[in-house]
2 protein chains.
Amino acid sequence: MPNKHFNPDGLDYRLFTPGPVQVPDWVLEEMGKPNDTHRSLAYREMHAAIRENMQKILHTQNDILLFANSGTGILEACVRNLLADDETGLFFSCGAFGDRWIQIAELNGKKFEAVKVEWGKGITPELVQEKLAEKKYPVVFITFNETSTGVLNPLDKIGPIVRDSGAILCVDCVSGMGGTLLKVDEWGIDIALASVQKCFGIPPGLAFCSISERALEKAKTVKNRGFYLDFLKIHKKGLQNEHPITPCIPQIRSLKKVSEKIVEITPEKFAEEHFERTELIRNWAKENGFEIFSEEGYHSQTVVTIKNNLNIDVAKFVDELFERGYKIVNGYGSMKGQNFRMAPMGWITLDETKKMLEAASEALKVAK
Amino acid sequence: MPNKHFNPDGLDYRLFTPGPVQVPDWVLEEMGKPNDTHRSLAYREMHAAIRENMQKILHTQNDILLFANSGTGILEACVRNLLADDETGLFFSCGAFGDRWIQIAELNGKKFEAVKVEWGKGITPELVQEKLAEKKYPVVFITFNETSTGVLNPLDKIGPIVRDSGAILCVDCVSGMGGTLLKVDEWGIDIALASVQKCFGIPPGLAFCSISERALEKAKTVKNRGFYLDFLKIHKKGLQNEHPITPCIPQIRSLKKVSEKIVEITPEKFAEEHFERTELIRNWAKENGFEIFSEEGYHSQTVVTIKNNLNIDVAKFVDELFERGYKIVNGYGSMKGQNFRMAPMGWITLDETKKMLEAASEALKVAK
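Residues numbered from 1 in each chain as written. Chains lettered and ligands numbered in written order. Predicted model: local features only at pLDDT ≥ 70, side-chain atom pairs only at ≥ 80, totals over all residues. Heavy atoms only, no water.

A.B. asks: Give a detailed account of the relation of the copies chain A and chain B, specifying residues and quantitative values.
C.D. replies: Rotating chain A by 180° and moving it 0.0 Å along the rotation axis overlays it on chain B with an RMSD of 0.0 Å. Such a combination of rotation and displacement between the chain copies is what one expects of a two-fold axis. For chain A, the smallest separation between a C-alpha atom and the rotation axis is recorded for Gly32 of chain A, amounting to 2.1 Å. Most of the interface of chain A is mirrored in chain B: 100% of its interface residues are interface residues there too. (Least-squares fit on C-alpha atoms with pLDDT ≥ 70 in both. Contact = heavy atoms within 4.5 Å.)

See below:
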């Protein structure tokens, strides 16, 4: 089965997918460099630089933990490290990845209470306030940017509410971090986790999180945390800029470079540029008669989910745009055909986004 | 703190370390190529090729599962997927990584019985026979090639004994697979797991295992397997040549290339070449008055652990050899100074090994 757009030496199309995303050449260069071992000065220097840069990017004094797994692994780590067997975690979900976190809790034998809002809607501070007023919860789990629906939840307002309740707050920032400004300390986020294959524009394999002192303290009281995803093991070794196991060195080298660059650009400007690109896409959608799937006021700044209110053939539209050199994706899971997603994450420029949208206008004529 | 042997664009020394190892340029090229997403034909083709090639390399009909984590993650997966809470696993250990597996069982709240032999000694078929005659165990855990001591255990003899007992057999082949011939089906190995940063000569981040039907059947009966390391989830998605989460695509692309090459060379010849290189190192050691730390008959074919019976300054020797362009490592953990290790794993040639040993002879003069 040949794929005319795939040649073994590279891609001749650009990804506007919600992860993995287009990787710029200067990151690919980092990926292709030779490695020393993970017990070397060269490694420790990279690890140290990431911890320092990510603290700046996240506006936090909390330590940064690196994980040799995807973001889903840290979703599992949060559940295993922070919820004791007799405790009930409170999970807010507004889409597929919020639901995944609940499933992870269940599959790890943890007790949970799930609050789900309709897909496309955001999680309001009022809803969080209401749930936390009913009962005391030890840990709250929530998604920052829901990749499946293109919804961004207002963590600036939700964070302080959870902090005031005394609960530990874990936030899945996988597809939001970097592309959306995060003020971890000001907002009271105990765990802010992400993967590198979204707004950081690095090939997948590495994930990381910021972790508060009180989350580390809590972990000490939880049994059966396991070995691989144990916050305390990773933190202890991390203080020496090392990792308990052999981590994915090329992705770590890339994150060092990328985090340096974001600090240089400033996290504010890097996020602002993501906003400009998604705003351009939203405007294109509206000009073409589409509605935005995510609720007004809750639009993601990294992935735009466009409602198929025009009843176009989405699969054909995606194919036609691919033929023109741009890859976007259909709706998530059961939402296939009902919406489609365009994600100008990472190092894609505004100019490239304009070109993609020009091609999308052409593709639309054929798919209508 | 400058490291005169590290320059940001590459290494000017060669690794003879027991993982991560020297990565050849043609693998680095694979690491640096652009990625499509993990939900693409390009990805599925790579995944499918690896499953097929690894079956040939391992001489097995069992399916191959890919994991977006290090080999330690699969050690944890074995414990979580195959040991029910009321069952007791039998663990054989002859070094640090055997001990790690026991620790993993303990930290996951599993019951275990540990049989430990003196470091440097191998696990004999007689010992295994004896333990299995005493009592029936549901699962047996053992290390193939113990990286910390340079011991290779005779799985060709141990495997059939475990199979006859009815137990499921999990084998940590991290530092042995590829460099040592493995006949998974003939020897009766249910899980044979490895990482890519050892004999495959790929940067770290990816691990994989072969898995038997009966191991998959057993997993179905075990509760709280979690999400990230669930054999059944990974197997189910793997049958479609996909992965439940976003895996480390560059390492997967590299493993496709490397596994193709090993099949082409033949697994027999690839392993034989590892043996020749370690044999050269053992002969060098003996000619220089050293003893081999591993017991006669149990020498690893991928990493040589050399006993410091000459009482040299090991740290100085390692440094002096590094100054000459070759990186080897001191003894593992508490064995520092008591032995040192040279590992000509992966794509290092016999000629390079000779050159390294010439430099080692020079370094030895200074460190004696």
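A.B. asks: Talk me through the domain arrangement of chain A; I want residue IDs and the actual numbers.
C.D. replies: Residue and element names in this part refer to chain A. Taken as a whole, chain A is organised into domain 1 (14-23 + 267-367) and domain 2 (25-264). Placing a centre on the C-alpha atoms of domain 1 and another on those of domain 2 gives a separation of 26 Å. Of the residues lining the interface, 27 residues belong to domain 1; the matching set on domain 2 comes to 43 residues. The contact between domain 1 and domain 2 buries some 2,700 Å² in all, and 64% of this surface belongs to carbon and sulfur atoms. Looking at the side of domain 1 facing domain 2, the largest losses of area belong to Val23, Tyr298 and Trp347, adding up to 28% of the total buried there. At the junction of domain 1 with domain 2, the criterion picks out zero salt bridges. Taken together, domain 1 and domain 2 are joined by 15 residue pairs in polar contact (both at pLDDT 80 or more). The element best represented in the side of domain 1 that touches domain 2 is helix H11 (residues 267-287), accounting for five residues. Grouping the amino acids of the side of domain 1 that touches domain 2 by side-chain chemistry returns 14 nonpolar, 10 polar and three charged. (Domains from an automatic or database assignment. Buried area = accessible area lost by both parts, 1.4 Å probe. Salt bridge = Lys/Arg side-chain N within 4 Å of Asp/Glu carboxyl O. Polar contact = N/O pair within 3.5 Å; in protein donor to acceptor, adjacent residues only side chain to side chain. Helix = DSSP H or I, 4+ residues; strand = E, 2+ residues; numbered from the N terminus. Nonpolar A, V, L, I, M, F, W, Y, C, P; charged D, E, K, R; others polar.)

A.B. asks: Can you tell me about the interface of chain A and chain B, naming the residues and giving the values?
C.D. replies: Taken together, the contact between chain A and chain B spans 60 residues of the former and 60 residues of the latter. Summed over both partners, the interface of chain A with chain B comes to about 4,700 Å²; 59% of that surface belongs to carbon and sulfur atoms. Put simply, Glu76 of chain B and Arg80 of chain A hold a salt bridge, and the shortest N to O gap is 3.1 Å. Viewed at the interface, chain B and chain A are joined by 19 residue pairs in polar contact (both at pLDDT 80 or more). Contributing elements (two or more residues each) for the side of chain A that touches chain B: strand S2 (10-11), helix H1 (25-31), helix H2 (41-58), helix H3 (71-82), helix H4 (96-107) and helix H10 (249-265) of chain A. Across the side of chain A that touches chain B, the residue classes break down as 27 nonpolar, 22 polar and 11 charged.

A.B. asks: How would you sum up the pattern of salt bridges? Please name residues and give values.
C.D. replies: Taken as a whole and assessed by the stated rule, the structure comprises 56 salt bridges over all chains. Here Lys257 of chain A makes a salt bridge to Glu30 of chain A, at a shortest N to O gap of 4.0 Å. In this pair, Lys257 of chain A is assigned in helix H10 and Glu30 of chain A in helix H1, connecting sequence segments 227 residues apart. In this structure, the salt-bridge partner of Glu352 of chain B is Arg14 of chain B, at a minimum N-O distance of 2.1 Å. Taken together, the residues span a long stretch of sequence, with Glu352 of chain B in helix H13 (residues 350-367) and Arg14 of chain B in strand S3 (residues 14-15) at a distance of 338 residues.

A.B. asks: Explain the environment of Gly201 of chain A to me, and be specific about the residues and the numbers.
C.D. replies: Turning to its location among the elements, Gly201 of chain A is positioned in the loop between strand S11 (191-195) and strand S12 (207-211). Sequence separation between Gly201 of chain A and Val21 of chain A is 180 residues; the distance between their C-alpha atoms is 6.0 Å.

A.B. asks: Got a sec to walk through the side chain of Thr147 of chain B? Specific residues and values, please.
C.D. replies: Structurally, the position occupied by Thr147 of chain B is in the loop between strand S8 (145-146) and strand S9 (151-152). A distance of 2.9 Å separates the side chain of Thr147 of chain B from the side chain of Ser175 of chain B, its partner in a polar contact.

A.B. asks: Requested: an account of the packing of aromatic side chains, with residues and values cited.
C.D. replies: For the structure shown, the criterion picks out 32 aromatic pairs over all chains. Taken together, a centroid distance of 4.1 Å and an interplanar angle of 5° make the contact between Phe91 of chain B and Phe141 of chain B stacked. Here the residue Phe91 of chain B occupies a position in strand S5 (residues 88-93), and Phe141 of chain B occupies one in strand S7 (residues 139-143), the gap between them amounting to 50 residues. With respect to class, Phe91 of chain B is no different from Phe141 of chain B; both count as buried. Among the aromatic residues, those joined into a cluster by ring pairs are Phe91, Trp101, Phe112 and Phe141 of chain A. When the ring centre of Trp26 of chain B is taken as origin, the NZ or CZ atom of Lys261 of chain B, which lies over that ring, is 4.1 Å away. (Phe/Tyr/Trp six-rings, centres within 6.5 Å; stacked < 30°, edge-to-face > 60°. Buried < 20%, exposed > 50% of the residue type's maximum accessible area, 1.4 Å probe, protein only. Lys NZ or Arg CZ within 6 Å of the ring centre and 35° of its normal.)

A.B. asks: Provide a residue-level description of the sheet that holds S11 of chain A, including the pertinent values.
C.D. replies: Residue and element names in this part refer to chain A. In spatial order, the strands read S4-S12-S11-S10-S7-S5-S6; together these seven strands make up an open sheet with mixed pairing. Of all strands in the sheet, those with a lone pairing partner are strand S4 (63-67) and strand S6 (111-116), marking the two edges. Each strand axis lies, on average, 20° off the axis of its neighbour in the sheet, ignoring direction. The pairing of strand S7 (residues 139-143) with strand S10 (residues 168-172) spans five bridges and is parallel. Considered in S10, the bridge of Thr143 is made with Asp172. (Pairing = 2+ DSSP bridges. Axes fitted to C-alpha atoms, helices over the stretch in contact; angles between N-to-C directions.)

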